[in-house]
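Understanding the architecture of this molecule
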Amino acid sequence: MGYALMRLVNWLFTNVCGVATPREGGPVQRNEYIRACAAGAVPADAPPAVTAVLRRHAPAAATMNDFYWDLFGVDRTTPYRGRRPNAS
């Protein structure tokens, strides 16, 4: 579910809020924007329905974006913060 929420929020930020992902360097600006929204900031120009989705799901998207950033850019053995180690 976290993956689906991440994809939805990332899409909304890119396609509705206009936070573009550059061709090189990765989605740094988008991820910072999503973290800010997870902390309570909301895009002023977004439609109310989009704002409601972002308020609700930005924390999950921020967690997943950070996990993917670490997994694919830092260390392939990065544990997911939302899961306890050694949990089966």
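So, here is what we can say about the structure in this document. (Residues numbered from 1 in each chain as written. Predicted model: local features only at pLDDT ≥ 70, side-chain atom pairs only at ≥ 80, totals over all residues. Heavy atoms only, no water.)

**Observations regarding the layout of surface pockets**
Under the convention used in this document: Residues are said to line a cavity or pocket when one of their atoms sits within 4 Å of a point; the points come from a 1 Å grid over protein atoms alone, cavities being sets where a 1.4 Å probe fits but cannot get out and pockets being open sets with protein on both sides within 12 Å along at least five of seven lines. Grid points are joined across faces, edges and corners, and a volume is the space filled by probe spheres set on the points. Numbering of helices and strands runs from the N terminus; a helix is a DSSP stretch of H or I covering at least four residues, while a strand is a stretch of E covering at least two. As a working rule, the residues Ala, Val, Leu, Ile, Met, Phe, Trp, Tyr, Cys and Pro are called nonpolar, Asp, Glu, Lys and Arg charged, and the rest polar, with Gly in that last group.
Its boundaries defined by the atoms lining it, the largest pocket holds a volume of some 230 Å³. Around the largest pocket sit 13 residues that line it, and N10, P27, R30, N65 and Y68 are the ones nearest its centre. Counting only elements with at least two residues in the lining of the largest pocket, the list comes to α1 (2-15), α2 (28-38) and α3 (48-73). Tallied by class, the residues present in the lining of the largest pocket amount to seven nonpolar, four polar and two charged.

**Here's the deal with the side chain of N31**
Put simply, the rule reads: Any residue under 20% of the maximum accessible area for its type is buried, any over 50% is exposed, and the rest in between are partly exposed; the area is computed with a 1.4 Å probe on protein chains only. By the criterion applied in these results, polar contacts are pairs of N or O atoms within 3.5 Å in which, for protein atoms, one can donate a hydrogen and the other can accept it, and in which residues neighboring in sequence qualify only through two side-chain atoms. By definition, residues are in contact when any of their heavy atoms lie within 4.5 Å.
Along the polypeptide, N31 turns up in helix α2. For N31, a relative accessible area of 4% puts it in the buried group. Of note is the side chain of N31, whose polar atom sits 2.9 Å from the side chain of R30. Non-local contacts of N31, meaning those with residues more than four positions away in its chain, are made with N65 and W69.

**Regarding the environment of H57**
Positionally, H57 belongs in helix α3. We classify H57 as buried; its relative accessible area is 17%. Along the backbone, H57 and M6 are 51 residues apart, and their C-alpha atoms lie at a distance of 7.9 Å. Those residues in contact with H57 that sit more than four places away from it in its chain are L5 and V9.

**Notes on α2**
What counts here: In this description, the arc belongs to the directions extending from the helix axis to the C-beta atoms.
All buried positions along α2 are accounted for by R30, N31, I34 and C37. The buried residues of α2 occupy an angular sector of 120° when projected down its axis, which confines them to one face. G40, located one to two residues past α2, shows a positive phi value of around 120°.

**Regarding the state of the cysteines**
What counts, and what does not: Two cysteine sulfurs form what is called a disulfide whenever their separation falls within 2.5 Å.
Summed over the entire model, instances satisfying the criterion amount to zero disulfides. Here C17 stays free of any disulfide, with the sulfur of C37 as its closest cysteine sulfur at 8.0 Å. For C17, a relative accessible area of 13% translates into the label buried.

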